[in-house]
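# Close look at the chain arrangement
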Amino acid sequence: MPAVTTAASSRPAGRLAAERVVRRRLPVVLLAVVTAALAVSAWHAKDPTTWLLETVWAWVGLPLVVLLRRRFPLTGLLYCLLAAHALVLAVGGHYTYAEVPAGDWVRDWLDLSRNPYDRFGHLMQGFVPALLVREILTRTSPLRGSRWLAPLTVCACLAFSAVFELLEWAAAVAGGHAADAFLATQGDVWDTQWDMFCALIGAVSSLLLLSRAHDRQLARLDGR
């Protein structure tokens, strides 16, 4: 009877060992990079209150990832995406989303009416959480391989985007014009709808582009 070959056993022992080392060290390296970036972004931030509001998600997420690393380790792909999202938040918090220099360059280059960094931030708000939700649902629910996995993942991302918009509304009510830097509407009356649309595009794009690679990494994480 032929031996059953698994995904893990089919790879050379040296390559398998190297992958394990990378998986162990990658979260530590990314944690150091993100922590340093957040600390630097706080230095002379344009608006300290806005910086705190924009980066609070990273400060909440970092301890959770560290505390759950042994009980619920994530895929390397998701670790990298979470770190990238934290860097986006750090930059937006330092300058405020409406005044990020890179966004000004893109605005002038493409002759846009506004700094597009806020749109990019909301695109990431869908792109990264889509993989996070997909990973959690795949590993903790019966949805692995189900046709419902993708649509429910997108719905979860839209729900998070809606909650964020409600928080922005609460900040506007509480802070008045003082919350303008946090809202980053730049005079657009449809800013809330655009933000949620960008999150939707980000979530769908993430699933279309990364689902196969994500499945491969999930299989490795499971030792298959």
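Attention here is on the structure that accompanies the text. Since we're looking at a predicted model, the values are computed, not measured.

For the rest of this paragraph, the subject is a nonpolar patch on the surface. Where nonpolar side chains cluster on the molecular surface, the patch consists of Val56, Trp57, Val60, Leu64, Leu67, Leu68, Val163 and Leu167 and spans about 700 Å² of accessible area. Secondary-structure elements contributing two or more residues to the nonpolar patch are helix H2 (48-67) and helix H6 (149-175). Relative to the helices and strands, Leu68 is located in the loop between H2 and helix H3 (76-95). Among the residues examined, Leu68 registers a relative accessible area of 37% and is labelled partly exposed.

Over its 20 residues, H2 extends 27 Å from the first C-alpha to the last, a length consistent with the 28 Å expected when each residue adds 1.5 Å. In H2, a bend of some 50 degrees at Thr55 exceeds every other bend along the element. Every buried residue of H2 is accounted for by Thr50, Trp51, Glu54, Thr55, Ala58 and Leu62. The residue sitting at the N-terminus of H2 and contributing the capping side-chain oxygen is Asp47; that oxygen lies 3.1 Å from the backbone nitrogen of Thr49.

For Leu132, the location among the structural elements is in helix H5 (residues 117-140). Residue classification places Leu132 among the partly exposed residues on the basis of a relative accessible area of 28%. A C-alpha to C-alpha distance of 9.6 Å links Leu132 and Thr75, two positions 57 residues apart in sequence.

Cut-offs used in this document
Throughout this description, residue numbers start from 1 for each chain and increase along the sequence as written. Totals for whole chains, interfaces and linings use all residues, but because this is a predicted model, local features are given only for residues with pLDDT of at least 70 and pairs of side-chain atoms are given and counted only at 80 or more. Water and hydrogen atoms play no part in the side-chain values, which are based on all heavy atoms of the structure. Surface patches are defined over residues having more than 30% relative accessible area and no salt bridge, joining like charges when they lie within 9 Å and nonpolar side chains (Val, Leu, Ile, Met, Phe, Trp, Tyr) when within 5 Å. Here the accessible surface of atoms and residues is derived via Shrake-Rupley with a 1.4 Å probe, and residues count as covered only by protein chains that are part of the display. Basic side-chain nitrogens of Lys or Arg form a salt bridge, by our definition, when they fall within 4 Å of a carboxyl oxygen of Asp or Glu. Counting from the N terminus, the helices are the DSSP runs of H or I reaching at least four residues and the strands are the DSSP runs of E reaching at least two. With a 1.4 Å probe rolled over the protein chains alone, any residue whose accessible area is under 20% of its type maximum counts as buried; one over 50% counts as exposed, and the rest are partly exposed. Each residue after the first adds 1.5 Å to the expected span of a helix. To obtain the bend at a residue, axes are fitted to the seven residues ending there and to the seven starting there, and the angle between these axes is taken. Side-chain atoms alone can form a polar contact between residues adjacent in sequence; in general such a contact is a pair of N or O atoms within 3.5 Å, and within protein one must be able to donate a hydrogen while the other accepts it.

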